[in-house]
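Descriptive structure summary
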Amino acid sequence: MKSFFILFLWIGTTLMIGQSNINNDFNSSNGLAYDTTKVLNVYSSPTGNSYTEKSIKGHKYYNEEYKIAEIYVADRMIHKYAVRYDAYHDQIEVIENDKKFVLSKENKIRVVLKDYEYGLLLNKKGVEEYFIIFNKNKETSLVLKARKKIQDAKKPKSGFEKYTPPAFYRDYFYFIKNKTGNLKKVRLKKNSVLNVLKDKKDDLEKFASSEKLKFKKESDLIKIIDYYNTL
């Protein structure tokens, strides 16, 4: 058991150092001179309720693994970090010099990964939140608001019932962002999507049919909207 713990600790430390080295090697070799204290805040993650995070089943992240991302401020790429999105607190965690920080929202941050980006958009209350933008650098894009919430624990009411621990659960909503930046809520269903993109309805139906793409599948819908942007 002791040997297993030592191995686990070594693997975790190696991963953290590796991520930090990727950050440092990239940023030094590309001469990115930027005061990163302007975009990094002290990490904290209170759950805001009576539960400790360790007692909650599951995790609070859109993707639990850290992924390498380019960080942009005012369309200028300033740094490269290993990041992951905390969908419970709506914050992006980064690793810098083996320490965990969160990105500031005050600088119109864009966090660009290989397949999507995290961007700050206004929710229906007019408050900036992180949204996942799949069709990067396109006028029209599929957008996801990935939010995690906590399902309360359930205490047994009798000796025949079992205790159910608190658990994180997904509260995800899809939108289509148009060229004016407005978000239109959609479901991953053909009629819902085409009701928003109705100006090219026939073209999209033909394209989806010829390419055997389904509107209810996220990865297929991204391709359909990519095609929409070419019309």
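A short tour of the structure in this document, coming up. (Residues numbered from 1 in each chain as written. Predicted model: local features only at pLDDT ≥ 70, side-chain atom pairs only at ≥ 80, totals over all residues. Heavy atoms only, no water.)

1. Examining the overall build of the chain
- Scanning the chain from N- to C-terminus turns up four helices and eleven strands.
- Taken across its 231 residues, the chain has 40% of its residues classed as buried.
- Considering only contacts in the chain between residues 6 or more positions apart, those separated by 24 or more positions represent 52%.
- Of the roughly 14,400 Å² that the chain leaves accessible, carbon and sulfur atoms contribute 52%. (Helix = DSSP H or I, 4+ residues; strand = E, 2+ residues; numbered from the N terminus. Buried < 20%, exposed > 50% of the residue type's maximum accessible area, 1.4 Å probe, protein only. Contact = heavy atoms within 4.5 Å. Areas by Shrake-Rupley, 256 points an atom, 1.4 Å probe, with all protein chains shown as cover.)

2. Regarding the nonpolar core
- In this structure, Tyr62, Ile92, Leu103, Val111, Tyr118 and Phe134 are the most contacted members of the largest nonpolar core, which totals 44 residues.
- Tallying contributions element by element places helix α4 (residues 218-228) first for this core, with five residues.
- Residues in contact with Val111, not counting those within four places in the same chain, are Ala69, Glu70, Ile71, Val83, Ile92, Leu103, Tyr116, Glu117 and Tyr118.
- With five residues, the next largest nonpolar core counts Leu121, Phe131, Ile133 and Phe175 among its residues. (Core = buried A, V, L, I, M, F, W, Y, C linked by side-chain atoms within 4.5 Å.)

3. Remarks on a positive patch on the surface
- On the surface, a cluster of positive charge is contributed by Lys214, Lys216, Lys217 and Lys223.
- As for its placement among the helices and strands, Lys223 is situated in helix α4.
- Note on Lys223: relative accessible area 46%, which makes it partly exposed. (Patch = residues over 30% accessible without salt bridge, like charges linked within 9 Å, V, L, I, M, F, W, Y side chains within 5 Å. Salt bridge = Lys/Arg side-chain N within 4 Å of Asp/Glu carboxyl O. Lys, Arg positive; Asp, Glu negative; His and termini not counted. Charge placed at Lys NZ, Arg CZ, Asp CG, Glu CD.)

4. Overview of the pairing of strand β5 (residues 99-103)
- Across three bridges, the pairing between strand β1 (residues 40-42) and β5 is antiparallel. Bridging across to β5, Leu40 finds its partner in Leu103.
- With four bridges connecting them, strand β4 (residues 91-96) and β5 associate as antiparallel partners. By the bridge assignment for β5, Ile95 is matched with Lys100. (Pairing = 2+ DSSP bridges.)

5. Let's talk about the packing of aromatic side chains
- With the rule as written, the count across this model stands at nine aromatic pairs.
- Summarising the aromatic geometry, the rings of Phe131 and Phe175 are spaced 6.0 Å apart at their centres and angled 75° between planes, so their arrangement reads as edge-to-face. Of this pair, Phe131 sits in strand β8 (residues 128-133) while Phe175 sits in strand β10 (residues 167-177); the two residues are 44 residues apart in sequence, bridging distant segments of the chain.
- Look at Phe131 and you get buried, because its relative accessible area is 2%.
- Against the face of Tyr61 rests Arg84, its NZ or CZ located 3.9 Å from the ring centre. (Phe/Tyr/Trp six-rings, centres within 6.5 Å; stacked < 30°, edge-to-face > 60°. Lys NZ or Arg CZ within 6 Å of the ring centre and 35° of its normal.)

6. Digging into the pattern of salt bridges
- This structure, assessed with the given rule, holds 14 salt bridges.
- We note a salt bridge from Lys145 to Asp90, for which the minimum N-O separation is 3.2 Å. A residue pair is termed long-range when its members are at least 10 positions apart, and Lys145 in strand β9 (residues 141-151) and Asp90 in the loop between β3 (76-86) and β4 qualify at 55 residues. Both residues of the pair, Lys145 and Asp90, count as buried.
- Linking Lys138 and Asp226 is a salt bridge whose minimum nitrogen-to-oxygen distance equals 3.1 Å. Remark: Asp226 occurs in helix α4 and Lys138 occurs in the loop between β8 and β9; sequence separation between them is 88 residues.
- Shared partners join several salt bridges into a network, and the residues in it are Glu53, Lys60 and Asp86.

7. A short note on the packing of helix α3 (residues 201-210) against α4
- α4 packs onto α3 with a crossing angle of 135° between their chain directions and a minimal axis gap of 10 Å. As judged from the angle between their axes, α3 and α4 are oblique. With respect to the hand of their crossing, α3 and α4 are arranged in right-handed fashion. Side by side, α3 and α4 meet where Asp203, Leu204, Phe207 and Ala208 of the first sit next to Lys223, Ile224, Tyr227 and Tyr228 of the second.
- Split by residue class, the contact of α3 with α4 holds six nonpolar, no polar and two charged. (Axes fitted to C-alpha atoms, helices over the stretch in contact; angles between N-to-C directions. Parallel < 35°, antiparallel > 145°, perpendicular 65-115°, else oblique. Left-handed = near helix turned anticlockwise from the far one by under 90°. Nonpolar A, V, L, I, M, F, W, Y, C, P; charged D, E, K, R; others polar.)

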